[in-house]
Amino acid sequence: MIISTVNKDTHSFPPFSSLPPELLIEIFSTCSLTGDWHIPLTLSKVCCLWRDLIISSPCIWQMIVILDSRRTMSSIRTQAELWIARSSPLPFNVVLKLTDFERLLPIMSCFLPNLARWMRCTITYDGRAIETSLSDLTLSSPRRILHHLDIILKTPFEDVAGDDGDDIIFFSCGSMAYRHISMKVATTKLPHAEMVNPLLFTSLDISEKAFENSVRSPDLLRFLAYCPNLEHLYFHGWSSDEGTLDAPPPAIALPRLHTLLLDEICNQRSILSHLYLPALRELYLRHINVDYQLEPYHVPEEGDSDDEAHDFSQSPHSDLHTGMGLRKLLSRSCPPLEVLDMDLSDMRTKDFRRVFDKLPDLKQFSIVGSDMSDSVVALFVPFAVGDGDGQDGEQMSVRLPKLSVLKMYSCQQLSGDALVKALSARVHYTDHATPDATLATVVISNCNNFTASHAQELSWDLHDRLHVP
């Protein structure tokens, strides 16, 4: 209309088709920066010439604008994959215009597999704009590695002062040669239902910040199914009993995981019982003991019966769940576990026996605040195998045959006499039969029934290997 009012002779204006392709591409690239996500698609429908130019010009697809309002994750994924493919091999920038911050991680999963080409990310939500230059985070490193994901289960941006750090989505670490890209996301729940792509992080930390954000074990396990590359997993809970499940949770395999930490949770049995961790080397159980009754497991299992030892426990219900979960994990996975650290996380006597029998590779065992009795301590004593009488070293064996570090803190139910007897007998055997796999460090601290005279007597056999802080 403007053109026609200025000059009636439309033939004096060359048609767009006569413009050089380079100029058209420059015009289309500029249009794609306006913020409307559909610009390349709209322009490509004008004519065959434009379509061919747009599809064959990666620079037109470098700006990827995602609007999540009233769109399915399938639609968003399709758009992301199309723009990423057509912008190749050039770098791309992403603009996310979010109306629901809970969808951040599922949407991000569409772009993380192409981290090497991702230059800038701009996230707008509720009047906020969060901008990150991924190229600045990685400096001049020739290679970017997706490393850690920190999920904080809370209401995003609930601190009006902005001191909660929810606007820091990306951060980096690592060496100059290999920069690690990590993410921190605040969300009220794990978004397993909307996940469309695997999250290829090697480390994951999940922290519950309030009771209302507690994660049920089925939801946690379903989310972990999208994290196949995990090597480290840390889960900090809120000691919330999830009750009796209506159905068994899914069994999830994490074939690369070698470090697992569970802290302040009550659903340890469901989690441990449904993980397949064939490479697990370090297991840390922290603050799992509770002195109140927990709901029964969703299905009775062999081993749920009362402990035949009838040993005292301040936390009998959590002891049952921890022991049964750990037994199931070891039976399912047969992992080469080398470190077992139990801090205010206990088991029944019969669970200790079953667990110790399943840990031929364990090198370090540490336990804090346990109600373990002398019956558990006796499990460290060498025992006769087969029909032998135990007089010949060849006919003896020990549980945890590779154990070299034993640490016991604040274990008040065991006796000093039992400790001296068990550990002295063990080193008498292992020092001669397996000198390369004998106790090298023993720490006994704040165990009230282990007195100075017990320490002196045990030191005759352990010498400087015994530490009594």
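Residues numbered from 1 in each chain as written. Predicted model: local features only at pLDDT ≥ 70, side-chain atom pairs only at ≥ 80, totals over all residues. Heavy atoms only, no water.

Novice: Describe the overall build of the protein chain, with residues and values.
Specialist: Tallying secondary structure elements over the protein chain gives 14 helices and 20 strands in all. The dimensions of the protein chain, computed from C-alpha atoms along their principal axes, are 115 × 45 × 45 Å. Expressed as a percentage of the 469 residues in the protein chain, the buried residues total 49%. Restricting to contacts in the protein chain with at least 6 residues of sequence separation, those with at least 24 account for 74%. Per element, the accessible surface of the protein chain, about 21800 Å² overall, is 54% carbon and sulfur. Taking the 40 positively charged and 60 negatively charged side chains of the protein chain as two groups, their mean positions are separated by 9 Å. (Helix = DSSP H or I, 4+ residues; strand = E, 2+ residues; numbered from the N terminus. Buried < 20%, exposed > 50% of the residue type's maximum accessible area, 1.4 Å probe, protein only. Contact = heavy atoms within 4.5 Å. Areas by Shrake-Rupley, 256 points an atom, 1.4 Å probe, with all protein chains shown as cover. Lys, Arg positive; Asp, Glu negative; His and termini not counted. Charge placed at Lys NZ, Arg CZ, Asp CG, Glu CD.)

Novice: Please give an account of the state of the cysteines that cites residues and values.
Specialist: Applying the stated criterion across every chain, the model contains zero disulfides. Considering cysteine sulfurs only, Cys-110 is the nearest to Cys-121, which forms no disulfide, with 12 Å between them. For Cys-121, a relative accessible area of 1% gives the class buried. (Disulfide = S-S within 2.5 Å.)

Novice: Tell me about the sheet that holds strand 2 (residues 92-98), and name the residues and values.
Specialist: Taken in spatial order, the four strands of this open sheet run 1-2-3-4, and their pairing is mixed. Every interior strand has two partners, whereas the edge strands, strand 1 (63-67) and strand 4 (128-133), have only one. The mean angle between the axes of side-by-side strands here comes to 10°, regardless of whether they run parallel or antiparallel. Direction of pairing for strand 3 (residues 118-125) relative to strand 4: antiparallel, over a ladder of six bridges. Paired with Thr-122 across the bridge in strand 4 is Glu-131. Strand contacts of helix 5 (residues 73-87): strand 1 and strand 2, with the helix running at about 175° to strand 1, the strand carrying the most contacts. (Pairing = 2+ DSSP bridges. Axes fitted to C-alpha atoms, helices over the stretch in contact; angles between N-to-C directions.)

Novice: Mind laying out the pattern of salt bridges, listing which residues take part and the relevant values?
Specialist: The tally for this structure, following the rule as stated, stands at 18 salt bridges. In this structure, Glu-81 engages Arg-77 in a salt bridge whose closest nitrogen and oxygen atoms are separated by 2.9 Å. A residue pair is termed a helical-turn pair when its members lie 3 or 4 positions apart in one helix, as Glu-81 and Arg-77 do in helix 5 at four residues. Measuring nitrogen to oxygen at the nearest pair gives 2.7 Å for the salt bridge that ties Lys-154 to Asp-166. With a gap of twelve residues between them, Lys-154 in the loop between strand 5 (143-153) and strand 6 (170-174) and Asp-166 in the loop between strand 5 and strand 6 connect regions that are remote in the sequence. Take Asp-166: its relative accessible area is 3%, and that puts it in the buried class. (Salt bridge = Lys/Arg side-chain N within 4 Å of Asp/Glu carboxyl O.)

Novice: Any details on the packing of helix 13 (residues 416-433) against helix 14 (residues 452-462)? Residues and values, ideally.
Specialist: Two elements in contact, helix 13 and helix 14, have axes separated by 9 Å at closest approach and are oriented at 5°. If you check the angle between helix 13 and helix 14, you find them roughly parallel. Within the contact between the two elements, helix 13 uses Gly-416, Asp-417, Val-420, Leu-423, Ser-424, Val-427 and His-428 and helix 14 uses His-454, Glu-457, Leu-458, Asp-461 and Leu-462. For the contact of helix 13 with helix 14, the class distribution of residues is five nonpolar, four polar and three charged. (Parallel < 35°, antiparallel > 145°, perpendicular 65-115°, else oblique. Nonpolar A, V, L, I, M, F, W, Y, C, P; charged D, E, K, R; others polar.)

Novice: Summarise the confidence of the model for the protein chain; cite the residues concerned and give the values.
Specialist: Scored by pLDDT, the protein chain has a mean of 88; 91% of the residues are at 70 or more. When the criterion is pLDDT under 50, residues 1-8 qualifies, and its contacts beyond four places in sequence or with other chains add up to three contacts. (pLDDT = per-residue confidence, 0-100.)

Novice: Just give me the short version of helix 2 (residues 21-31), but keep the residues and values in it.
Specialist: All buried positions along helix 2 are accounted for by Leu-24, Ile-25, Phe-28 and Ser-29. Seen along its axis, helix 2 keeps its buried residues to an arc of 135°; they face one direction. Here the buried face of helix 2 lies against helix 3 (39-43) and helix 4 (48-55). (Arc of directions from axis to C-beta.)

Novice: Describe the environment of Leu-153, and please don't skip the residues or the numbers.
Specialist: Its place among the elements puts Leu-153 in strand 5. For the pair Leu-153 and Pro-113, spaced 40 residues apart in the sequence, the C-alpha separation amounts to 24 Å. With sequence-adjacent residues up to four places away left out, Leu-153 is seen in contact with Thr-187, Thr-188, Lys-189, Leu-190, Ile-206, Ser-207, Glu-208, Lys-209, Ala-210, Asn-213 and Val-215.

Novice: Let's hear about the side chain of Asp-68: which residues, and what values?
Specialist: On the secondary structure map, Asp-68 appears in the loop between strand 1 and helix 5. Reaching out from Asp-68, the side chain makes a polar contact with the backbone nitrogen of Thr-99 at a distance of 2.8 Å. (Polar contact = N/O pair within 3.5 Å; in protein donor to acceptor, adjacent residues only side chain to side chain.)

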